[in-house]
Amino acid sequence: MATALAGTSTEDNVLYENQGSICWGEGAHATVTTRAGEPLPAIASRLAEVDVEDWRAYGWATFELSYALHGMEDVPESGAVTLMIPRREVRVENGTALLRALTAADLDALETRLADAVLTGGIEPVETRVKVDVDGHDAESYREAVAAAIAEIRSGALDKVILSRVVPVPEDIDMPTTYLTGRLANSPARSFLLRLHGWRALGFSPEIVMSVSSGREVVTQPLAGTRAFLGDHDADQARRDELYRDSKEVFEHAISVRVAAVELSTVCTPSTVRVEEFMGVKERGSVQHLASQLTGSLAPGRTGWDAFAALFPAVTASGVPKAPACELIRRAETQPRGLYSGAVLIVDPDGAIDAALVLRSVFCRDGSTWLRAGAGIVAQSTPERELEETREKLRSVSRFLVPAGVVAAG
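Here the structure is a predicted model, which is why all the values come from computation and not from measurement.

A.B. asks: So what's going on with the overall build of the protein? Residues and values would help.
C.D. replies: Regarding its fold elements, the protein presents 11 helices and 18 strands. For a compact globule of 410 residues, the expected C-alpha radius of gyration is about 22 Å, and the protein comes in at 21 Å, within 12% of that figure. Projected onto its principal axes, the C-alpha coordinates of the protein cover approximately 65 × 50 × 40 Å. Put simply, the protein has 410 residues, and 55% of those count as buried. Put simply, of all contacts in the protein between residues at least 6 apart along the chain, 73% involve residues at least 24 apart. Summed over all atoms, the accessible surface of the protein reaches about 16,100 Å², with 51% contributed by carbon and sulfur. For the protein, the centre of its 41 positive side-chain charges and the centre of its 57 negative side-chain charges are spaced 3 Å apart.

As structure tokens, then:
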């Protein structure tokens, strides 16, 4: 039903799903942004001025925010956080929908739209697909970039970097129907569908950058180490066993967990930082990952924005150490990342923040549509295997691209 609301909206809107809990906001009552290089805690003071009771803010942080956070020069203006406080909103949890609006007329109209979605059955998944070349597009350039990164890592410049490649989508797609079709076949940590400030995007996020509860508990969930997950039980189990035996994948995961623990310790009371789950396996669409979860309690005087600044960008989408990894990404990749490997966020007035890592996503802007995926490169990497990893990840999305103009039966 939330997807149907998004599909009929003519305004900026954001749908955000947290493992079955769904919220959707439409129409900007207020917009809160940071300027490039501005400290993130400044956002909290601006949000405190919002004149809406129990507001919820929806928005994003682009990957280029990392350049300012890690002391790099020439930070683009796009490297910032943008949040919208909506005029109309639906929050669905435990089978109950809470409708909110700033005027009685808007609330009545929203109730009618939701009822129409229920009566018509909402949006349905469809079989028609747009074909994209996830295997061959830009493959040789990516191999070369990976080989160059391996050389830098072996020289001692850094330990790990995630390099990505862009795959164009050759025609317009139906974003809401693609989102729903793909969501039914994926098992993300979070999912989202948005149209906001010139961007349209949808994604099936495999992990969070971090979440902070109203009780000041911080959680981060690094995923690193990847094999295909194709639905054949025996073959998938064999690939899972291979993950645990692969020294490259285990090393890549372990150093990511170590970095996350160190970062949490800078904003949490050190004695509270702990690894609650270490190197399990999470199934995320067409891939399976080694996965860990770390938690900590915010130290006195620290806020969720301090935690976000410490953990952003996700170590699993940037590298180790982060500053030289981000510098290498800026040199090696031919296009700015924008939303890719940034975060889609929801923020509440009690200090809670939930930030989904923007991976396994579709992006539309300025008349172009594209996919993007990366792989974690360490000294033991090979260009061919890292290229194959990007293919495995891209298939989590590329199989579900529904062309625009296809009418779904209601």
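Still more to cover.
A.B. asks: How would you summarise the side chain of Thr-3 if you had to cite specific residues and measurements?
C.D. replies: Relative to the assigned elements, Thr-3 resides in helix α1 (residues 2-8). Judged by its relative accessible area of 7%, Thr-3 is buried. Beyond its immediate sequence surroundings of up to four residues, Thr-3 is in contact with Leu-15, Ile-123, Pro-176, Tyr-179, Leu-180 and Leu-193.

A.B. asks: Which residues make up the pairing of strand β16 (residues 353-357), and what values go with them?
C.D. replies: The buried count for β16 comes to 5 of 5 residues, which makes it a mostly enclosed element. Here strand β9 (residues 208-212) pairs with β16 via 4 bridges, running antiparallel. Its bridge partner being in β16, Val-212 is matched across the sheet by Ile-353. By the bridge criterion, 5 bridges tie strand β15 (residues 343-347) to β16 in an arrangement that is antiparallel. Considered in β16, the bridge of Val-347 is made with Ile-353. Between β15 and β16, which pair antiparallel in sequence order, lie 5 residues; one of them, Gly-351, sits at a positive phi of approximately 95 degrees.

A.B. asks: Any chance you could break down helix α11 (residues 383-398) for me, citing the residues and the numbers?
C.D. replies: Between the first and last C-alpha of α11 there are 22 Å, a value that for 16 residues agrees with the 22 Å anticipated at 1.5 Å per step. All of the buried residues along α11 are Glu-386, Leu-387, Glu-389, Thr-390, Arg-391, Glu-392, Lys-393, Leu-394, Ser-396, Val-397 and Ser-398.

A.B. asks: Any details on the packing of helix α8 (residues 247-267) against helix α9 (residues 304-311)? Residues and values, ideally.
C.D. replies: Running from N to C, α8 and α9 point in directions that differ by 150 degrees, and their axes come no closer than 9 Å. By the angle between their directions, the pair α8 and α9 is classed as roughly antiparallel. Where α8 crosses over α9, the two elements pack in a sense that is right-handed. Seen from α8, the contacting residues are Ala-260, Glu-263, Leu-264, Thr-266 and Val-267; seen from α9, they are Asp-306, Ala-307, Ala-310 and Leu-311. The class makeup of the residues in the contact of α8 with α9 is 6 nonpolar, 1 polar and 2 charged.

A.B. asks: Residue-level account of the packing of helix α5 (residues 139-154) against α11, with values.
C.D. replies: Where α5 meets α11, the closest approach of the two axes is 9 Å, and the angle between their N-to-C directions is 125 degrees. Taken together, the axes of α5 and α11 are oblique relative to one another. Crossing geometry of α5 relative to α11 is assigned as right-handed. Here α5 contributes Ala-139, Tyr-142, Arg-143, Val-146, Ala-147 and Ile-150 to the contact with α11, which in turn contributes Pro-383, Glu-384, Glu-386, Leu-387, Thr-390 and Arg-391.

A.B. asks: Tell me what's going on with the packing of aromatic side chains, and back it up with residues and numbers.
C.D. replies: Evaluated as defined, the whole model comprises 8 aromatic pairs. Note on Phe-63 and Tyr-67: the rings are 5.9 Å apart at their centroids and 90 degrees apart in plane angle, and the pair reads as edge-to-face. Judged by centre distance (6.4 Å) and plane angle (75 degrees), the ring pair of Trp-199 and Phe-363 falls under edge-to-face. One end of the pair, Trp-199, is in strand β8 (residues 199-205); the other, Phe-363, is in strand β17 (residues 361-365), and 164 residues separate them in sequence. Taken as a pair, Trp-199 and Phe-363 share a single burial class, namely buried. Joined through ring pairs, the aromatic side chains of Trp-199, Tyr-340, Phe-363 and Trp-370 make up one cluster. Against the face of Tyr-67 rests Arg-330, its NZ or CZ located 4.6 Å from the ring centre. Across the ring face of Phe-63, the terminal group of Arg-337 is positioned such that the distance to the ring centre comes to 4.6 Å.

A.B. asks: Quick one: what's the story with the side chain of Ser-398, residue by residue and with numbers?
C.D. replies: In this fold, Ser-398 is placed in helix α11. With sequence-adjacent residues up to four places away left out, Ser-398 is seen in contact with Val-130, Val-132, Val-134 and Leu-371.

Parameters at a glance
Counting from 1, residues in each chain are numbered in the order their sequence is written. A pLDDT threshold of at least 70 governs which residues receive local features in this predicted model, and a stricter bar of 80 or more applies before side-chain atom pairs are shown or counted, although totals over entire chains, interfaces and linings include all residues. Water and hydrogen atoms play no part in the side-chain values, which are based on all heavy atoms of the structure. Under the DSSP-based scheme used, a helix requires at least four consecutive residues in state H or I and a strand at least two consecutive residues in state E, with every element numbered from the N terminus. For this measure, only C-alpha atoms enter the radius of gyration; the expected value for a globule follows 2.2 Å times N^0.38, where N is the number of residues. Summary of the burial criterion: residues with accessible area below 20% of their type's maximum are buried, those above 50% are exposed, and those between are partly exposed, where the area comes from a 1.4 Å probe applied to protein chains only. Contacts between residues were defined by any pair of non-hydrogen atoms, one from each residue, lying within 4.5 Å. Per-residue and other accessible areas follow the Shrake-Rupley method at a 1.4 Å probe size, with only the shown protein chains counted as cover for residues. By the counting rule applied here, Lys and Arg register as positive and Asp and Glu as negative, while His and the ends of each chain are not counted. For charged residues, the charge sits on one atom: NZ in Lys, CZ in Arg, CG in Asp, CD in Glu. When DSSP finds two or more bridges between two strands, those strands count as paired. Multiplying 1.5 Å by the helix residue count minus one yields the expected span of that helix. Lines are fitted to the C-alpha atoms to define the axes, a helix being fitted only along its stretch in contact, and any angle between axes, read from their N-to-C directions, falls within 0 to 180 degrees. If an angle is under 35 degrees, it is roughly parallel; if it is over 145, roughly antiparallel; if it lies from 65 to 115, roughly perpendicular; otherwise it is oblique. Crossing handedness follows the turn of the near helix against the far one: under a right angle anticlockwise gives a left-handed crossing, and clockwise gives a right-handed one. Classification used: nonpolar for Ala, Val, Leu, Ile, Met, Phe, Trp, Tyr, Cys and Pro, charged for Asp, Glu, Lys and Arg, polar for all others including Gly. Planes of paired rings set the category: under 30 degrees apart is stacked, over 60 is edge-to-face and the rest tilted, where pairs are Phe, Tyr or Trp rings (Trp by its six-membered ring) whose centres lie within 6.5 Å. A ring is scored as having a charge over it whenever the NZ atom of a lysine or the CZ atom of an arginine sits within 6 Å of its centre and within 35 degrees of its normal.

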